[in-house]
Amino acid sequence: MINEDLLLAFGANYETFEMNQTIFNEGNSPKFYFQIIHGIVELNNYHDDGKEFTQNILSDGQSLGESFLFDDKFYPTNATAKTACTVLKLPKTDFFSLLNQNPDVLAGIIKCLADRLYYKYVMLFNVSSPDPVFKIKTVMDYLKGSDDSSKYSFQIPLTRQQLANLTGLRVETVIRTIKKMHSINLVKLQNRKIFY
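Residue numbers here run from 1 along each chain, matching the order of that chain's written sequence. With the structure being a predicted model, the display of local features is reserved for residues of pLDDT at least 70 and the display and counting of side-chain atom pairs for 80 or more, all residues being used for whole-chain, interface and lining totals. Just so you know, side-chain values use all the structure's heavy atoms and leave hydrogens and water out.

1. Re the overall build of the protein chain
Thinking step 1. Secondary structure summary: the protein chain contains 6 helices and 10 strands in total.
Thinking step 2. A compact globule built from 196 residues should have a C-alpha radius of gyration of about 16 Å, and the protein chain, at 18 Å, falls within 12% of that.
Thinking step 3. Buried residues are those whose accessible area, probed at 1.4 Å on protein chains only, stays under 20% of the maximum for their type, while exposed residues exceed 50% and partly exposed ones sit between those limits. For the protein chain, the residues scored as buried account for 40% of the 196 residues in total.
Thinking step 4. Residues are treated as being in contact if the distance between any of their heavy atoms lies within 4.5 Å. Pairs at least 24 residues apart make up 71% of the contacts formed inside the protein chain by residues separated by at least 6 positions.
Thinking step 5. To measure how exposed things are, a 1.4 Å probe is used in the Shrake-Rupley method; for residues, cover is taken only from the protein chains shown. With the model as given, the accessible surface of the protein chain reaches about 10,900 Å², and the carbon-plus-sulfur share is 54%.
Thinking step 6. Positive: Lys, Arg. Negative: Asp, Glu. His and the chain ends are not part of the count. Charge positions come from single atoms, namely NZ of Lys, CZ of Arg, CG of Asp or CD of Glu. Counting 21 positive and 21 negative side-chain charges, the protein chain places the averaged centre of each group 11 Å from the other. Numbering of helices and strands runs from the N terminus, with a helix taken as a DSSP run of H or I at least four residues long and a strand as a DSSP run of E at least two residues long. Put simply, the radius of gyration uses C-alpha atoms, and a globule should come to 2.2 Å times the residue count raised to 0.38.

2. Quick word on helix H2 (residues 92-101)
What sets the pattern is the α-helix's 3.6 residues per turn: residues three or four places apart point alike.
Thinking step 1. Taken as a whole, H2 has its buried residues at Phe95, Leu98 and Leu99. Viewed along the axis of H2, the buried residues span an arc of 95 degrees, placing them on a single side of the element. Structural note: H2 exposes Thr93, Asn100 and Gln101 on the side pointing more than 90 degrees away from its buried face.
Thinking step 2. Buried-residue contacts for H2 involve helix H1 (4-9), strand S3 (32-38), strand S8 (85-91) and helix H3 (103-128). Summarising the geometry, the arc corresponds to the directions from the helix axis toward the C-beta atoms.

3. What about the pairing of S8?
Thinking step 1. With 5 bridges joining them, strand S1 (residues 13-17) and S8 adopt antiparallel strand pairing. What sits directly across from Tyr14, in S8, is Leu88.
Thinking step 2. Two strands form a pair only when DSSP identifies at least two bridges running between them. Note: S3 against S8, 6 bridges, orientation antiparallel. By the bridge assignment for S8, Ile36 is matched with Val87.

This is how it looks when you write it as structure tokens:
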């Protein structure tokens, strides 16, 4: 996203998080720009019954929560380190100084926000479908992108539990659906890995 040296020049600091450690909580006030240097972070919410819903899964080089810095609302989601993580953390005022002095970075942030908004539209339509094959295929299409159309060339980087959390399905339904998708040649299963 943003060059590491530029972030450091504007006052960012490295912060490490252990697996399952919270980076920010739903309801907190956004005060920092976060950029993942190494690791995996999940944006999620929990229903009243304790069931997790995953909003997004982010990794090396991606930022999190930057859209929430542009208004005075609270975080609508939690951010949790799913692996040990190193993150660059830049205070909100310094983040805006960086953007004001670097229009090319601002353009990159706008592009990132547009990509995330596109993802949200795709996922919102996806969640409304009653068909589990459609839900899982939509996530796989998004992850694979449009650059690679060859069959079985992309390894899905998510666990079955993560697919369930992203689609609102039960993990048992995801397991059955993946097997069905394999039987109709939509995916290839090899050593418990899913290729699309």
